[in-house]
Amino acid sequence: AQRVTQPEKLLSVFKGAPVELKCNYSYSGSPELFWYVQYSRQRLQLLLRHISRESIKGFTADLNKGETSFHLKKPFAQEEDSAMYYCALPGGYQKVTFGIGTKLQVIP
Amino acid sequence: GAGVSQSPRYKVAKRGQDVALRCDPISGHVSLFWYQQALGQGPEFLTYFQNEAQLDKSGLPSDRFFAERPEGSVSTLKIQRTQQEDSAVYLCASSPLSGTGGDYGYTFGSGTRLTVV
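Residues numbered from 1 in each chain as written. Chains lettered and ligands numbered in written order. Predicted model: local features only at pLDDT ≥ 70, side-chain atom pairs only at ≥ 80, totals over all residues. Heavy atoms only, no water.

So, the overall build of chain B
Link 1 in the chain: Along chain B, the regular secondary structure elements total zero helices and eleven strands.
Link 2 in the chain: What you see in chain B, going N to C, is helices and strands ordered as β-β-β-β-β-β-β-β-β-β-β.
Link 3 in the chain: Relative to the globule expectation of 13 Å for 117 residues, the C-alpha radius of gyration of chain B, 13 Å, shows essentially globular dimensions.
Link 4 in the chain: Classification of the 117 residues of chain B by burial places 47% in the buried group.
Link 5 in the chain: Sequence separation of 24 or more characterises 54% of the internal contacts of chain B that already satisfy a separation of 6 or more. (Helix = DSSP H or I, 4+ residues; strand = E, 2+ residues; numbered from the N terminus. Rg over C-alpha atoms; globule rule 2.2 N^0.38 Å. Buried < 20%, exposed > 50% of the residue type's maximum accessible area, 1.4 Å probe, protein only. Contact = heavy atoms within 4.5 Å.)

This is the structure we're talking about:
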């Protein structure tokens, strides 16, 4: 069965410090992976997808099949990055499996 | 509309009451999904529609839950005889493609927060 693990429920960093939000997955096929973000009082929205290898708002994520990881990284955290972040794994017929989420708190 | 619209935003139901939650997806979006998000958890899949066809309902937790999308646009999630464990945020998402959205991912609504008392 596919599974997404986000080991940290809360991550606090100081403004300007590097950020790494961890995501590990379990999947038998070739995975696609997404990161979704939810800012305070806003709806869940797509942040980035591994297939496009893009950088959004300074965030990047690299798929590491050997470690079955898709960690989200940013070199310098900003206050506006404070939000809930969900790692997501499409699989099966149509469903997407979401992780439990990590709350990122950037301290000014 | 410009986005996925869900109503009501908040619903308080007495245990045993029936509720109906509405989702209005982005016009023309083929795929529509319902997810349930309990407090402190990530969204969990409930059901999927491709146009008017309900292709996957494997995530519906019991036969008290059912969903419909009769004309391939607006969808309704109905919960009969609500229980306290049904308390959660119910999220609707749509995608222009069939499937999980591929490169596009989902566009989510704001959700309906259901509280069963």
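Comments concerning the interface of chain A and chain B
Link 1 in the chain: Facing 18 residues of chain A, the contacting portion of chain B comprises 26 residues.
Link 2 in the chain: The contact between chain A and chain B buries some 1800 Å² in all, and 52% of this surface belongs to carbon and sulfur atoms.
Link 3 in the chain: At the junction of chain A and chain B, the tally comes to zero salt bridges.
Link 4 in the chain: For the pair chain A and chain B, the interface holds seven residue pairs in polar contact (both at pLDDT 80 or more).
Link 5 in the chain: Elements with a minimum of two residues in the side of chain A that touches chain B: β5 (34-38), β6 (45-49), β9 (83-90) and β10 (96-98) of chain A.
Link 6 in the chain: Of the residues that constitute the side of chain A that touches chain B, the class distribution is eleven nonpolar, two polar and five charged. (Buried area = accessible area lost by both parts, 1.4 Å probe. Salt bridge = Lys/Arg side-chain N within 4 Å of Asp/Glu carboxyl O. Polar contact = N/O pair within 3.5 Å; in protein donor to acceptor, adjacent residues only side chain to side chain. Nonpolar A, V, L, I, M, F, W, Y, C, P; charged D, E, K, R; others polar.)

With respect to the packing of aromatic side chains
Here the distance between the centres and the angle between the planes together describe a pair of aromatic rings.
Link 1 in the chain: Applying the stated criterion across every chain yields a total of 13 aromatic pairs over all chains.
Link 2 in the chain: Seen from their ring centres, A:Phe59 and A:Tyr85 are 5.5 Å apart, and the 45° between their planes marks the pair as tilted. You can see A:Phe59 sitting in the loop between β6 and β7 (60-61) and its partner A:Tyr85 sitting in strand β9, a full 26 residues away along the chain.
Link 3 in the chain: Classification of A:Phe59 by relative accessible area gives buried; the value is 0%.
Link 4 in the chain: Owing to a relative accessible area of 0%, A:Tyr85 belongs among the buried residues under this scheme.
Link 5 in the chain: Through pairs of rings, three or more aromatic residues link up here, namely A:Phe34, A:Tyr36, A:Phe98, B:Phe33, B:Tyr35, B:Phe45, B:Tyr48, B:Tyr106 and B:Phe108. (Phe/Tyr/Trp six-rings, centres within 6.5 Å; stacked < 30°, edge-to-face > 60°.)

Describing the nonpolar core
Link 1 in the chain: Judged by nonpolar contacts, the single largest core of 24 residues is most densely connected at A:Leu21, A:Trp35, A:Leu47, A:Leu48, A:Leu72, A:Tyr85 and A:Leu104.
Link 2 in the chain: For this core, the secondary-structure elements that each account for two or more residues are β2 (10-14), β3 (19-21), β5, β6, β9 and β11 (102-107) of chain A.
Link 3 in the chain: Of the residues forming this core, the biggest block, four residues, is contributed by β9(A).
Link 4 in the chain: What A:Leu47 contacts, discounting residues up to four positions off in sequence, is A:Trp35, A:Tyr36, A:Val37, A:Ile56, A:Phe59, A:Leu72 and A:Tyr85.
Link 5 in the chain: Within the second largest apolar cluster, 20 residues are counted, among which are B:Val19, B:Leu32, B:Phe65 and B:Ile79. (Core = buried A, V, L, I, M, F, W, Y, C linked by side-chain atoms within 4.5 Å.)

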